[in-house]
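Listed here are the chains, written in short residue letters.
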Amino acid sequence: DTISFKRKSIVIDKALVTISASDLIRGDFQFKNITINNASIYSEVVSDKSYDYHIKQKLNKLQNHKASISFPSWIDLKATSFRIKELKYVAKDSIFHKDFNLEFYNIRGQLKKTKSLISGSFSFEASINKLGFNTQKGSFLKSTEVSGKPKFSLDTNENVLNISEFILSIDDERFTIS
């Protein structure tokens, strides 16, 4: 990515999908069940440009970005379930001093779309190795186990995401998120 100086990679060891026989015959593939095993997502921003340069780039991108939320056509939003086992996510940004390192052991969820509303739920179990929003001031939740089961709705016309109240477990503590 030459504008933001971002290096990205996604590696998936194994992906399993379910396709209906009628979709297969028509050649119009829409996955109804998606299972991903052993995946990693890595992103790093490295640049020799100034901090002010990157602030201007971010502001320009925000002013020009008005796209709505969309999903790929191969996901059946009438009813899709998904599961991800063992996902490692690392994102570093040396310009804005961000550093995130999370390992998800298990993510399960469902999506369903009616008109412009996508509703769903998911559960997750993860370990947060590092959560640094500004690494010059430190990071949060180092070596911390987290889990939760939120439900959500996404209005694609308004680009509004609502998450219902749920219990977030952080190590041995439980928090009500609303």
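That block above? That's the structure.
The present account deals with the structure reproduced in this document. Numbering of residues starts from 1 in every chain and runs along the sequence as written. Where totals are concerned, whole chains, interfaces and linings use all residues; where local detail is concerned, this predicted model gives features only for residues with pLDDT of at least 70, and gives and counts side-chain atom pairs only at 80 or more. To obtain the side-chain values, all non-hydrogen atoms of the structure were used and water was disregarded.

On to the overall build of the protein. Segments assigned H or I by DSSP are reported as helices when at least four residues long, segments assigned E as strands when at least two residues long, and all are numbered from the N terminus. The helix and strand tally for the protein stands at 2 helices and 10 strands. Each helix (α) and strand (β) of the protein, taken in turn from the N terminus, gives the series β-α-β-α-β-β-β-β-β-β-β-β. If one aligns the C-alpha atoms of the protein with their principal axes, the spans along those axes are about 55 × 45 × 35 Å. Throughout this description, buried means an accessible area under 20% of the type-specific maximum (1.4 Å probe, protein chains only), exposed means over 50%, and partly exposed covers the range between. Out of the 178 residues in the protein, the part that is buried amounts to 29%. Each accessible area value is a Shrake-Rupley result obtained with a 1.4 Å probe; residue values ignore everything except the protein chains displayed when judging cover. Element-wise, carbon and sulfur atoms account for 53% of the exposed surface of the protein, whose accessible area totals about 12,200 Å². Mean positive and mean negative side-chain charge positions of the protein (27 and 20 charges, respectively) differ by 4 Å. We score Asp and Glu as negative and Lys and Arg as positive, and we do not count His or the chain ends. Note that the charge is assigned to NZ on lysines, CZ on arginines, CG on aspartates and CD on glutamates.

This paragraph deals with the side chain of Asn 37. Along the polypeptide, Asn 37 turns up in strand 2 (residues 31-45). With relative accessibility at 15%, the residue Asn 37 sits in the buried group. Any two residues having at least one pair of non-hydrogen atoms within 4.5 Å are treated as being in contact. Those residues within four positions of Asn 37 in sequence are excluded, and the remaining contacts are Ile 12, Asp 13, Lys 14 and Lys 85.

Attention now goes to the pairing of strand 6 (residues 144-148). Residues of strand 6 alternate between two faces, with Thr 144, Val 146 and Gly 148 buried on one and Glu 145 and Ser 147 left unburied on the opposite face. Each pair of strands is called paired provided DSSP finds at least two bridges between the two strands. Bridge count for strand 5 (residues 117-132) against strand 6 is 5 bridges, and the pairing is antiparallel. Considered in strand 6, the bridge of Ile 128 is made with Thr 144. Of the pairings in the sheet, the one linking strand 6 to strand 9 (residues 166-170) comprises 3 bridges and is antiparallel in character. What sits directly across from Val 146, in strand 9, is Ile 170.

Residues with no salt bridge and a relative accessible area higher than 30% make up the patches, which join like charges within 9 Å and nonpolar side chains (Val, Leu, Ile, Met, Phe, Trp, Tyr) within 5 Å. Here, a salt bridge means any side-chain nitrogen of Lys or Arg that lies within 4 Å of a carboxyl oxygen of Asp or Glu. On the surface, a cluster of negative charge is contributed by Glu 145, Asp 171, Asp 172 and Glu 173. Looking at the element boundaries, Glu 145 is found in strand 6.

Here the focus is a positive patch on the surface. A surface patch of like charges, here positive, comprises Lys 8, Lys 58, Lys 61 and Lys 98. We classify Lys 58 as partly exposed; its relative accessible area is 45%.

Here we take up the pattern of salt bridges. Within the structure shown, the criterion is met by 1 salt bridge. For Lys 130, the salt bridge is made with Asp 99, and the minimal N-O distance between the two is 3.1 Å. With Lys 130 in strand 5 and Asp 99 in strand 4 (residues 98-114), this pair connects stretches of sequence that are 31 residues apart. The exposure class assigned to Asp 99 is buried, which follows from its relative accessible area of 13%.

The subject of this paragraph is a nonpolar patch on the surface. Residues Phe 133, Phe 140 and Leu 141 make up a contiguous nonpolar surface patch of roughly 290 Å² in combined accessible area. Residue placement: Leu 141 occurs in the loop between strand 5 and strand 6.

Now for the packing of aromatic side chains. Geometry of an aromatic ring pair is reported as the spacing of the ring centres plus the angle between the planes. For Phe, Tyr and Trp, rings pair up if their centres lie within 6.5 Å, where Trp contributes its six-membered ring, and each pair is then called stacked (planes under 30 degrees apart), edge-to-face (over 60) or tilted (otherwise). For the structure shown, the criterion picks out 3 aromatic pairs. Put simply, the rings of Phe 122, Phe 124 and Phe 152 pair up and form one aromatic cluster.

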